[in-house]
Structure formats: structure tokens, C-alpha cells
Amino acid sequence: MTRDHNAGTTLIDRRCFLRSAGLLAAGSAFGCSLMGCDSEFVIPCLGPAPAPVPVAGMTYIRASEIGCALDCSLENGRNKYTGGVATDDGPRINAAMAGATADNPITLIIDGSALISGLFLPAGGYWNIAGLGCGTGFFVKKGSNNDGIHNGPPDAAVPFDPGPPAPGRGMNVSLSNFTLNGNQGGDSTTGTQQGEGGKAWYCGINLMNLDNILIENVVVVNTPAYHIRLSNVGNVNVTGSVMKSHGPSTDGLHFDGPANDITISNCDFTTGDDSIALNCPEGHSGNISRVVVTNCTFNSLSLMRLYTTNWSPAKFSIDKVSVSNCSGTLSEACFLIGLSNGSRPNSVDSLTISDCNLTAPTVLGIAENFGTIVLRNVTFIPFRSKVVWVAPQVNHICAFLRPSPLYGGETYVGSNLSFENCIISRSADIEVAAVILENDSTINNLTFSGFALRDIGSYSAVPNLINIGRGSIGQLVLDSLDSTHIKAPTSAGEFLSVGSVTGAGVLATGWEFPDAAMANGLPYISASTGLPSIKVGGVVEPYPRSSLRIST
């Protein structure tokens, strides 16, 4: 979840209306994790890890050797020996790490489990935290009212969204092989679970204004708000990590603009909000570019949220994002793109999704302009039992691309959308489409180069490949498409909203097409005659039957 920071306004939960829509009613199922009860949280274990191999010029400090008690249970924050109050080791660690500089980089070896009232480490970087795997790490003390770990003084994250200009960046921070329990329901005593309204939210890890960040094999659980927030950052590598919390605003990896050169791999997300957020207008605000996500699993509201404007005059861009070899179940959409009208043309560009298996109401929930989006070898399993449809929504049909379930009234222009060897796999008799257009939105070029609807059971054929309620398609290209289980490309009246139809696979679909929509030199079955036809110089002529290769 992100936050608005429109000029002249305080920070507002941009999806607070979902509370009244009933989404948070499901929170009762999470029990104490949302109510702040003193209950233990099951922490995933990533196994033991060796101490870091010494590097010349690096100072190494063991927590056990600087007077840390390390007497805290990471599950509940109590003294793990007596069950009473644990010792706050935060001040000792902060003092030991305060001298980290480019000339004196410091690595803390956290060789036990520490209660902390917040780690506030040098703003400019040149420090690392290395754990020893399971059982080592940090629990955020009750009433800390701050992030678990961040760079800078205690108030470094205030205000949460300072706006431009972005300051210069420090560098070289790594976090590895430890657990952080954010103590959701206990950290914040400032009015809301997430933090202090209008001022700041409390994150598990909050790194700002840095280049060269490595987060490896880190487990972050039970956070008040975002698991890991990264604002004005570059050259970020997050790998092998687990983020697991229920409740609102618990984004997994939340990036504020500007941000660049991000790699996320082999991570596991179970979050109450967006697994990954790329939110240009937040933080100092700016463009986000070159993001690679691979080999991750997701069980969240969305796999990724991308947006470049939020009703304010400021407009940014997101480009070169790829997601591959991923799988998951997403309750609202796999990709929530945009939340308001008025973005730049092609504002989200060069998005590639490949070799993924995704269960959701939609893969692409669109609410702003986009450039080129490529879906390659993606299997989409339509599933809508947990989705919250926020008005206005003309329909609730699942689709590879459709209006955003959360922002369904927005208008957009998309330049290019292509499907390459993609499959809709139905496990229930549910109506589904490849594309649904509404709100006078437009896709200039829509291409199918390998597409099919596969049913696990015996279900009714779907009416159309594409639903054009209120919208238009400039050019529809059907190079390769299995029409089995799909009755028609679109309804007869909706062809008026298609500029032209072309592609080597048109005739093989066996579908009928209106003569006016067809490109010259392309064989097809004419809706007016029911016969194979071809247009030559704009004139419809019979097409030889001997050339027919119609799929059944």
C-alpha cells in the first residue's frame, strides 16, 4: 500500500475507502496479529549461516562482545530465559556502529537475538549487519514508534514523503542472514497500527538515499507497515529473503522514486498488501527504472504495484521492468498499474512478464497510460473469490488485462500489448477474456502470437476473446491463436471499435469477421457471406477453399 502526498495535504492512506468496502473485515481472521495481542508469530527459518569471511579494511563487531544481553525471544519479545522483560540492546548497537564511514566500514555480527528500540545507523552507509541464520536477529520493542532499522538519526524518516529534490546518496549497506520481527500492534502507540497518521509509518527496514544495497537471506515478519522501504536508492539486490505479515499497508518491498537498477530474486512474499511497490510520486519522488524480478513466490494483494502520478501535477515514468519464473495467488491483481488519470504517454513502459504461473482476478489491472507490455509463456488461472471491486466497475469478469479492480473508472492509452504463448487455465466454469476495455480507453496495437484457453474440466465456451464495452483497438494482430473454447474474437457491434484486423492466424481461428475491419491481402471468413474471403485493394473477393486450414 502506498500513501498520497499531494501538495498541500497531509499524508493520507490512498486506499482507506477499502475499509468501508469490507476488505479489512477479513482482518478478524488474522486475530491478534491485527489487534496487538501478545501472541507469538511463527517465523520462517532460513537455516544456519556462517560468520562473514573477514575482508581487509572492514571492522567486525560481535553483538555479544559489546555488552548486548541478547536475551530476547524473536517470537514474542519477552526474555527468552525468564519470560519477563528483555533488555533493550538498541543503544549499545547504535553506539558501536556510529563510527562507520568510507574509511572505517563496520560490520555488526548479530550472534543472538536482541530486543531493540530501533537501530539508527549512519545515514551515509558503509555499514553491514550479518546474522548467523535462525534464531539471530531483532525484535522491535513495544512503543518504539519507529522503524526497526534505518539509516540516519531517529527522525530520519520524518516527514515520510518529503518531496523533491532528492538528496545525494551514500552507499554500501548490506543486511544478511537474520530475522527482524516488527512487533505489529506493539511498535506503534501513536494512533494507528501503521504509525503516526500524517507524519510517518513504521517499517521493518527503511533505507534512504543510498546506492549499493544488498539484502540477502533476511526474514522480516509482523511489521506495522512496509516490511522493507527503499527510497531514493540505486543498485539494489534483494535475494533469498522472506516477508510475511498480515494486515493493511504491509507491502513487502516498497520503492519510492527515484530508484534505479533493482534486482529481486528467490524471495517469498506473504503480505496483506502489495508484494512489490514501484511508486514514483512517493518519498522524494522521481522516475524508477531497470527492475528485474525472478524466481519469487507471492501470496498477497498484488504481485507488483506501479504508478507514476497520483492526481497531483507531478508526473514521472517507470521503464524496463521484467518479471520472470514467478508464481503466486494475488487477491486484487497481479500487476496494479496506475491509480489516476493524467499520466504521461507511455508512462509505464517496457514491462515484460515471462514464464509465470499466476492466479488472480486479472494479471494486468490498468488505470494509467502504458507503452509496451509483453506477456510471454504466462499461465493465468482466473480466480475472484477474494477480490474487492471498488465502484465504478462495468463488469466483474476476469481477464488477462482489464480495468483495475481498485480504480476501475480511469481512462488510459496503451501503445502495445502482446501475448506470446500465453494460456488461460480455468479450474471452474467462469467467464473470462483476454482483454476487457472500458472508460473510452485505447490499445493501439494488440498482438496474439500463441494464445489458448485450456479447461481443467468441461466448461462452457466463453463468448469473446476481447470485450470492448467502451474503448477501442487500433490494430488487432492474430498471428497464432487456438480458438477452442472461445466463440468469437469480439461481439459483432464491437468491431466498430477495431481499426483493423491482420495476422497470419486469422483464417485458422474459424471465426467470422466483418469485411470492413479486415486488412488487405489477408484471408478470413466473411461475416456477411460465411465464406473464405480476401480483400484486394479494398474489394472483397472469394478465397480458394483449397487453402483453408481451419482449427476445430
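It should be noted that the structure appears before, not after, this text.
Residues numbered from 1 in each chain as written. Predicted model: local features only at pLDDT ≥ 70, side-chain atom pairs only at ≥ 80, totals over all residues. Heavy atoms only, no water.

S.K.: How do you make sense of the state of the cysteines when you look at a structure like this?
M.R.: By definition, a disulfide links the sulfur atoms of two cysteines through a covalent bond. Applying the stated rule across the entire model yields one disulfide. Here Cys45 pairs with Cys134 through a disulfide, and the sulfurs are 1.6 Å apart. Residues Cys45 and Cys134 are joined by a disulfide whose S-S torsion is about 110°; by sign, that bridge is right-handed. Taken together, the positions of Cys45 in the loop between helix 2 (32–35) and strand 3 (59–62) and Cys134 in the loop between strand 7 (125–131) and strand 8 (137–140) put the pair 89 residues apart, joining distant regions of the chain. Relative accessible area serves as the criterion here: at 32%, Cys134 is assigned to the partly exposed category. The closest cysteine sulfur to the non-disulfide-bonded Cys72 is located on Cys68, 12 Å from its own sulfur. For Cys72, a relative accessible area of 1% translates into the label buried. Free cysteine Cys422: the closest other cysteine sulfur is in Cys356, separated by 10.0 Å. (Disulfide = S-S within 2.5 Å. Helix = DSSP H or I, 4+ residues; strand = E, 2+ residues; numbered from the N terminus. Buried < 20%, exposed > 50% of the residue type's maximum accessible area, 1.4 Å probe, protein only.)

S.K.: What's the story with empty space enclosed by the protein in this structure? I'm lost.
M.R.: Remark: the empty space left among the atoms is shown by a probe the size of a water molecule rolled over them. Tallied over the full model, the rule gives three cavities of 30 Å³ or more. Lining the second largest cavity, in full, are Pro44, Leu46, Gly47, Gly133, Cys134, Asn177, Phe178, Thr179, Asn217 and Val219. Counted by class, the lining of the second largest cavity contains five nonpolar, five polar and no charged residues. (1 Å grid on protein atoms, 1.4 Å probe; cavity = no way out; pocket = protein on both sides within 12 Å on 5 of 7 lines; lining within 4 Å. Points joined across faces, edges and corners; volume = space filled by probe spheres on them. Nonpolar A, V, L, I, M, F, W, Y, C, P; charged D, E, K, R; others polar.)

S.K.: Whenever I open this one, the sheet that holds strand 41 (residues 532–536) confuses me. Can you help?
M.R.: Within a sheet, each strand pairs with its neighbour through backbone hydrogen bonds, oriented either parallel or antiparallel. Pairing is mixed in the open sheet, where four strands are placed in the order 39-40-41-42. Each having just a single partner strand, strand 39 (512–513) and strand 42 (539–542) make up the two edges of the open sheet. Looking at chain direction, strand 39 and strand 40 (residues 524–526) are connected through two bridges and run parallel. Looking across to strand 40, one finds that Phe513 is bridged to Ser526. (Pairing = 2+ DSSP bridges.)

S.K.: What's the story with the environment of Asp103 in this structure? I'm lost.
M.R.: Secondary-structure assignment places Asp103 in the loop between helix 3 (90–97) and strand 4 (106–110). Spatially, the C-alpha atoms of Asp103 and Trp389 are 54 Å apart, while their sequence positions differ by 286 residues.

S.K.: Can you walk me through the packing of aromatic side chains in this structure?
M.R.: Between two aromatic rings, the relevant description is the distance of the centres plus the angle of the planes. Per the stated rule, a full pass over the model turns up 12 aromatic pairs. Ring centres of Trp201 and Tyr226 lie 5.7 Å apart, and the angle between their planes is 65°; on these two criteria the pair is classed as edge-to-face. Residue Trp201 is located in strand 13 (residues 200–201), and its partner Tyr226 is located in the loop between strand 15 (219–221) and strand 16 (228–239); the two are separated by 25 residues in the primary sequence. With respect to burial, Trp201 and Tyr226 carry one shared label: buried. Ring centres 5.9 Å apart and planes at 35° place the aromatic pair Phe370 and Tyr412 in the tilted group. You can see Phe370 sitting in strand 28 (residues 370–376) and its partner Tyr412 sitting in the loop between strand 30 (398–403) and strand 31 (413–426), a full 42 residues away along the chain. Judged by its relative accessible area of 0%, Phe370 is buried. Three or more aromatic residues joined by ring pairs make a cluster, and in this case those are Phe380, Phe400, Phe419, Phe448 and Phe451. (Phe/Tyr/Trp six-rings, centres within 6.5 Å; stacked < 30°, edge-to-face > 60°.)

S.K.: Hey, could you run me through the pattern of salt bridges in this one?
M.R.: A side chain of one charge can pair with a side chain of the opposite charge if their charged atoms are brought near each other. All told, the structure shown has 14 salt bridges when counted by the stated rule. A salt bridge links Arg290 to Asp261; its shortest N-O distance comes to 2.7 Å. With Arg290 in strand 21 (residues 288–294) and Asp261 in strand 18 (residues 253–265), the pair connects residues that are 29 residues apart, well separated along the chain. With a relative accessible area of 40%, Arg290 lands in the partly exposed category. A residue is classified by how much of its surface remains accessible, and Asp261, at 25% relative accessible area, is partly exposed. In this structure, Asp429 and Arg426 form a salt bridge, with 3.9 Å as the shortest nitrogen-oxygen distance. Salt bridges sharing common partners tie together Asp161, Arg229 and Asp256. (Salt bridge = Lys/Arg side-chain N within 4 Å of Asp/Glu carboxyl O.)

S.K.: I would appreciate a short explanation of the pairing of strand 10 (residues 170–176) in the present structure.
M.R.: Looking along a regular strand, one sees the side chains alternate between the two faces of the sheet. Along strand 10, five of the seven residues are buried, which leaves the element largely enclosed by surrounding structure. Taken together, the five bridges between strand 7 and strand 10 define a ladder with parallel strand orientation. Across the sheet, Asn128 pairs through a bridge with Ser174, a residue of strand 10. Pairing geometry for strand 10 and strand 14 (residues 205–216), over six bridges, is parallel. Across the sheet, residue Ser174 finds its bridge partner in strand 14, namely Leu214.

S.K.: Explanation requested: unusual backbone geometry in the structure shown.
M.R.: Leave glycine aside and you will find that most residues have negative phi; peptide bonds, for their part, are mostly trans. Cis geometry marks the peptide bond from Pro164 to Pro165, where omega comes out at 0°. One can find Pro165 in the loop between strand 9 (149–151) and strand 10. Note that the residue after Gly257, namely Pro258, is joined by a cis bond; omega there is -10°. Tracing the sequence through the fold places Pro258 in strand 18. The backbone phi angle of Asn217 is positive, close to 55°, even though this residue is not glycine. Here Asn217 is to be found in the loop between strand 14 and strand 15. Assessed through its relative accessible area of 28%, Asn217 is described here as partly exposed. The backbone phi angle of Asp355 is positive, close to 55°, even though this residue is not glycine.

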